Amino acid sequence: METNDQKEVQEKELDTTKMPGHWLLARLGKRVLRPGGIELTQQMLEGLNIQSSDDVVEFAPGLGFTAQLTLNQKPASYTAVERDEAAARVVRRYLTGSNQTCLIGRAEATGLPDTTATVVYGEAMLTMQTPGKKQQIVQEAFRLMKPTGHYGIHELCLVPDDLAEDTKQEIQKVLTDAIHVGARPLTVSEWRTLLEVEGFTTQIEATAPMHLLEADRLIQDEGLWGALRFAWNVLRNSEARHRVKTMRKVFRKYEENLAAVMLVGIKKNSEN
């Protein structure tokens, strides 16, 4: 059975051989599309410690899995900024209050007022950006943030920190070819530096294996029946099966150098 989220993805892009990897996985029924899975997402949210007094901004909510977890905390307001209209339509299904909205826009230039948020976060979106865009997005998070606000990221990373530059470039190229989206992961220290250069002090850091398409992670993220449904959808579509096998092959080939990272930073007090 197709979910509404799958139908949204199918309306957006019908060519299985060309669509970005995350849309393909969503089309096949995968809900959790973050590199560290639901566990690292939950750790990020615990670190952000969203309260009823918080004004939350989420960059690139995708199909809204984390948005639902955030809304369960009943923040004072929730604003998503999503550049893809199909994804935004999915997210809007979960928005029930007048203080909840999903805007069409870019994370590097949201158009929202200065100091409008106490919490900003984004997952699996900085990895796709060029170095300049990464910097602009973190700067935008800083601009939106009220003093001592918290910023969370959950991204793909390279390990170890001293990984050779030619290996980094090789992994980036092979990943990009496999998922059909530019992939530019950083090392953990490079992610930390990106935040700190733009005015955040890292408070919480955690990593997890890049096991997005491994059976144990699928069951953990999707539940047993969700994992079985995903596997069935993969098996009955030869083009999708080839794409998924290619992605998993790449993840396994570079498993010693690929991981997921979560960072939570606090906006530095400008008076310090």
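Just above sits the structure.
Below, the structure is looked at part by part. No experiment lies behind these values; they were computed from the predicted model shown.

**Quick look at the overall build of the protein**
In terms of helices and strands, the protein carries ten helices and eight strands. Its C-alpha atoms give the protein a radius of gyration of 18 Å, within 12% of the compact-globule value 19 Å for 272 residues. Once the C-alpha set of the protein is aligned to its principal axes, its extents read approximately 60 × 45 × 30 Å. At a minimum sequence separation of 6, the contacts of the protein that also span at least 24 residues come to 74%. Carbon and sulfur atoms make up 49% of the accessible area of the protein, which amounts to about 12,600 Å² in all. Across the protein, the 33 positively charged side chains and the 37 negatively charged ones have centroids separated by 6 Å.

**Thoughts on a nonpolar patch on the surface**
A contiguous nonpolar surface patch, about 460 Å² in accessible area, is contributed by Ile219, Leu224, Trp225 and Leu228. Mapped onto the elements, Leu224 comes out in helix 9 (residues 215–235). On the basis of relative accessibility, which here comes to 47%, the residue Leu224 falls in the partly exposed class.

**A few points about the nonpolar core**
Within the largest apolar cluster, 34 residues are counted, with the highest numbers of intra-cluster contacts made by Leu25, Leu175, Leu213, Val244, Met247, Phe251 and Leu258. Counting residues per element, this core draws most heavily on helix 10 (residues 238–253), which supplies five residues. In this structure, Leu258 is in contact with Leu156, Cys157, Leu158, Val159, Ile171, Leu175, Met210 and Phe251, ignoring residues within four places of it in sequence. Leu126, Ile137, Val188 and Leu194 belong to the second-largest nonpolar core, a separate cluster that totals 26 residues.

**Comments concerning the packing of helix 7 (residues 165–179) against helix 10**
To describe two helices that pack against each other, one gives the angle between their axes and the distance between the axes. It is the contact of helix 7 with helix 10, at a shortest axis distance of 9 Å, that shows an interaxial angle of 165°. With respect to each other, helix 7 and helix 10 are oriented roughly antiparallel. Where helix 7 crosses over helix 10, the two elements pack in a sense that is left-handed. Residues Val174, Leu175, Ala178 and Ile179 of helix 7 touch helix 10, and the partners they reach there are Arg243, Thr246, Met247, Val250 and Phe251. Within the contact of helix 7 with helix 10, the residues separate by chemical class into seven nonpolar, one polar and one charged.

**Considering the pairing of strand 5 (residues 145–158)**
Note on strand geometry: in a regular strand, side chains alternate between the two faces of the sheet. Across the 14 residues that make up strand 5, a large majority, eleven, are buried. Following the backbone out of strand 4 (residues 117–123), through helix 6 (residues 131–144) and into the adjacent parallel strand 5, one traces a crossover that is right-handed. Sheet topology places strand 5 next to strand 8 (residues 258–267); nine bridges connect them, and they run antiparallel. Among the inter-strand pairings, Gly152 is bridged to a residue of strand 8, identified as Val264. By the bridge criterion, two bridges tie strand 5 to strand 6 (residues 186–187) in an arrangement that is parallel. Counterpart to Cys157 in the pairing with strand 6 is Leu186.

**A few points about helix 9**
Between its terminal C-alpha atoms helix 9 stretches only 14 Å, short of the 30 Å expected from 21 residues at 1.5 Å a residue. Along its length, helix 9 reaches its greatest deviation from straightness, about 115°, at Glu222. Among the residues of helix 9, Arg217, Leu218, Asp221, Glu222, Gly226, Ala227, Phe230, Asn233 and Val234 are the ones counted as buried.

Parameters and conventions
- Residues numbered from 1 in each chain as written.
- Predicted model: local features only at pLDDT ≥ 70, side-chain atom pairs only at ≥ 80, totals over all residues.
- Heavy atoms only, no water.
- Helix = DSSP H or I, 4+ residues; strand = E, 2+ residues; numbered from the N terminus.
- Rg over C-alpha atoms; globule rule 2.2 N^0.38 Å.
- Contact = heavy atoms within 4.5 Å.
- Areas by Shrake-Rupley, 256 points an atom, 1.4 Å probe, with all protein chains shown as cover.
- Lys, Arg positive; Asp, Glu negative; His and termini not counted.
- Charge placed at Lys NZ, Arg CZ, Asp CG, Glu CD.
- Patch = residues over 30% accessible without salt bridge, like charges linked within 9 Å, V, L, I, M, F, W, Y side chains within 5 Å.
- Salt bridge = Lys/Arg side-chain N within 4 Å of Asp/Glu carboxyl O.
- Buried < 20%, exposed > 50% of the residue type's maximum accessible area, 1.4 Å probe, protein only.
- Core = buried A, V, L, I, M, F, W, Y, C linked by side-chain atoms within 4.5 Å.
- Axes fitted to C-alpha atoms, helices over the stretch in contact; angles between N-to-C directions.
- Parallel < 35°, antiparallel > 145°, perpendicular 65-115°, else oblique.
- Left-handed = near helix turned anticlockwise from the far one by under 90°.
- Nonpolar A, V, L, I, M, F, W, Y, C, P; charged D, E, K, R; others polar.
- Right-handed = clockwise from strand over helix to strand, strands pointing away.
- Pairing = 2+ DSSP bridges.
- Expected span 1.5 Å × (residues − 1).
- Bend = angle between axes of the 7 residues up to and from the residue.

The analysis is restricted to geometry; functional conclusions fall outside its scope.
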